[in-house]
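Topology and contacts: notes
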Amino acid sequence: MKKFGKILAVMTAVVMTAGVLTSCVIKNTNPAVRVGDTDMPADEFAYYVYIQKSQSLQEAGVSTSDESAAKAYWNEKTDGKKNIDIAVDKAVDEAAKLLVRYNKALEMGVEFTADDESQLASQIESMKQQAGGEAAYQNQLKSLGTTPTAFESLYKKNMIVNKLMDKLAEDGTIAVTDDEVKDYIKNNYIKAEHILFLTQDSNTGEAFDDETIAQKKQTAEDTLTKIKNGANFEELMNELSEDTGLASYPDGYEFTKGQMVPQFEEAAFALGENEVSGIVETSYGYHIIKRLPFEITDEKINEYKDDAKQACQSEKFDKLTDEWKTQTEVKSFKSILKTFKK
């Protein structure tokens, strides 16, 4: 469990931060997705829909708390297909992936032991305490569109899949060499610094008024002009940036994909070393990003090796999952999926 606890950590984090989307509680236990002889009921599938909808809105730069903007986005089309249909289809893919892995785990003799049952109960109780009690915990699951029983069942499936991943790592099936880890760090980590002009309150997350936001954008544009005319980026950053993390990371951030908001990540990875971006807008505000050289040292390898190893193993596990998926039947139920597209 230690190697691959990240999946369960993500599930826990989603519950603790639930509530940014409006969801109807799905109490329907009819299957939404079926892989082989194993079903994922609609009330469990609701979790995957919530995740995909949140990610889709974030990638599009749409606030998850702005219901009218979200509704408009879902009705828009990308490549001829409604965005809500795309999000639900992605949820089907993710749910099917879990069931493919779950079935393989059972096939390979992975068991859910009494100790696992105890760990599950302990984790659920911990989430309840973090949420502020039973009622608050149930309200958070309600925001996800699911129920305590469904979420616990889904969590259990993920625990079993984690045990399968551990088993495959230990028997060498998805073993990773030191060279693979070094190559992963070299190819997937970058370093960048930025000048941030906030368009929301850093404490509450509440957006500033339109006039203030317009002023922030103008200041960002003026700052970018200064940089293009030869002004020192670091001096302007220390003088103007409203990034609350600047004091902790004065020399810039080192990160890989999936760790920054999508717009920031995309812009940073698109830059060459020492290149400065244009104005990049995210939910936080307006950024001017400068990509810095990322030096691969023994110290850096040691710092990131555990995460890089896990990422490499996950990539290999994904490939195995794709192979397993071709060997089984995956079915989704349109009548159930329609309830998630309203």
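Attention shifts here to the overall build of the protein. A tally of regular secondary structure across the protein gives 13 helices and 9 strands. A compact globule built from 342 residues would reach a C-alpha radius of gyration of about 20 Å, and the protein, at 22 Å, matches this within 12%. Projected onto its principal axes, the C-alpha coordinates of the protein cover approximately 65 × 50 × 45 Å. The buried share of the protein, taken over its 342 residues, is 44%. Of all intrachain contacts in the protein linking residues separated by at least 6 positions in sequence, the fraction that spans at least 24 positions is 73%. Accessible area of the protein: about 18,300 Å², with a carbon and sulfur share of 44%. Computed over 41 positive and 59 negative side-chain charges, the inter-centroid distance for the protein is 7 Å.

With 23 residues, helix α7 (residues 148-170) ought to run about 33 Å at 1.5 Å a step, and its terminal C-alpha atoms sit 33 Å apart, in line with that. Positive phi shows up at G172, right after α7, with a value of about 90°.

Okay, the sheet that holds strand β9 (residues 330-332) next. The sheet built from 3 strands is open, its strands ordered β2-β1-β9 with antiparallel pairing. Looking at which strands have only one partner, the edges of the open sheet turn out to be β2 (38-41) and β9. Neighbour to neighbour, the strand axes of the sheet diverge by 15° on average, direction disregarded. Taken strand by strand, helix α2 (residues 42-60) contacts β1 (31-35) and β2, and its axis lies near 70° from that of β2.

Take helix α10 (residues 233-240) next. Along α10, the residues classified as buried are F233, L236 and M237. Angularly, the buried residues of α10 cover 105° about the axis, an arc narrow enough to put them on a single face. Residues of α10 that are exposed and point more than 90 degrees away from the buried face comprise E235, N238 and E239. Put simply, N232 is the residue that caps the front of α10, since its side-chain oxygen is 3.0 Å from the backbone nitrogen of E234.

Before going further, it helps to spend a moment on the packing of aromatic side chains. Taken as a whole and assessed by the stated rule, the structure comprises 12 aromatic pairs. Note on F255 and F269: the rings are 6.1 Å apart at their centroids and 80° apart in plane angle, and the pair reads as edge-to-face. With a gap of 14 residues between them, F255 in strand β6 (residues 253-256) and F269 in helix α11 (residues 262-270) connect regions that are remote in the sequence. One residue, K157, lies across the ring of Y102, its end atom 5.8 Å from the ring centre.

Here we come to the pairing of β2. As paired strands, β1 and β2 are joined by 4 bridges and run antiparallel to one another. Along β2, the bridge assignment pairs R34 with D39. Linkage of β1 to β2, two consecutive antiparallel strands, is achieved through a turn of 2 residues, within which G36 is found at a positive phi near 65°.

The strand order across the open sheet built from 4 strands is β6-β5-β8-β7, with neighbouring strands paired in antiparallel fashion. Because the sheet does not close on itself, it has two edges, and the strands there are β6 and β7 (276-281). For this sheet, the mean inter-axis angle between neighbouring strands, taken without regard to orientation, is 40°. Inspection of the sheet shows strand β5 (residues 189-198) paired to strand β8 (residues 285-292) by 8 bridges, in the antiparallel sense. Bridge pairing in β8 places I195 opposite I288. Lying over the sheet, helix α9 (residues 210-228) contacts β5, β7 and β8, oriented at roughly 25° with respect to β8. Its contacts with the sheet place α11 against β5, β6, β7 and β8, and it is angled at close to 30° to β8.

Right, let's get into the pairing of β1. Burial within β1 is extensive, with 4 of its 5 residues counted as buried. Relative to β9, β1 runs antiparallel, the two sharing 3 bridges. The residue of β9 that forms the bridge with R34 is K331.

In the contact formed by helix α5 (residues 114-131) and α7, the axes pass within 11 Å of each other and the chain directions differ by 130°. Classed by the angle they form, the pair α5 and α7 counts as oblique. Along this stretch, α5 crosses α7, giving a crossing that reads as right-handed. In this structure, α5 contributes D116, E117, Q119, L120, Q123, I124 and M127 to the contact, and α7 contributes F151, E152, Y155, K156, M159 and K163. Split by residue class, the contact of α5 with α7 holds 6 nonpolar, 2 polar and 5 charged.

This part covers the nonpolar core. With 57 residues, the main nonpolar core has V33, M40, F45, Y48, F151 and F340 as its most contacted residues. With 12 residues, the top contributor of residues to this core is helix α4 (residues 83-107). Not counting the four nearest positions on each side in its chain, F45 is found in contact with A32, V33, M40, V88, A91, V92, A95, L337 and F340.

Averaged over every residue, the pLDDT of the protein is 91; residues scoring 70 or more account for 93%. Contacts from residues 1-5, a stretch scored under 50 in pLDDT, to residues over four places away or in other chains number 20 contacts.

Conventions and cut-offs
- Residues numbered from 1 in each chain as written.
- Predicted model: local features only at pLDDT ≥ 70, side-chain atom pairs only at ≥ 80, totals over all residues.
- Heavy atoms only, no water.
- Helix = DSSP H or I, 4+ residues; strand = E, 2+ residues; numbered from the N terminus.
- Rg over C-alpha atoms; globule rule 2.2 N^0.38 Å.
- Buried < 20%, exposed > 50% of the residue type's maximum accessible area, 1.4 Å probe, protein only.
- Contact = heavy atoms within 4.5 Å.
- Areas by Shrake-Rupley, 256 points an atom, 1.4 Å probe, with all protein chains shown as cover.
- Lys, Arg positive; Asp, Glu negative; His and termini not counted.
- Charge placed at Lys NZ, Arg CZ, Asp CG, Glu CD.
- Expected span 1.5 Å × (residues − 1).
- Pairing = 2+ DSSP bridges.
- Axes fitted to C-alpha atoms, helices over the stretch in contact; angles between N-to-C directions.
- Arc of directions from axis to C-beta.
- Polar contact = N/O pair within 3.5 Å; in protein donor to acceptor, adjacent residues only side chain to side chain.
- Phe/Tyr/Trp six-rings, centres within 6.5 Å; stacked < 30°, edge-to-face > 60°.
- Lys NZ or Arg CZ within 6 Å of the ring centre and 35° of its normal.
- Parallel < 35°, antiparallel > 145°, perpendicular 65-115°, else oblique.
- Left-handed = near helix turned anticlockwise from the far one by under 90°.
- Nonpolar A, V, L, I, M, F, W, Y, C, P; charged D, E, K, R; others polar.
- Core = buried A, V, L, I, M, F, W, Y, C linked by side-chain atoms within 4.5 Å.
- pLDDT = per-residue confidence, 0-100.

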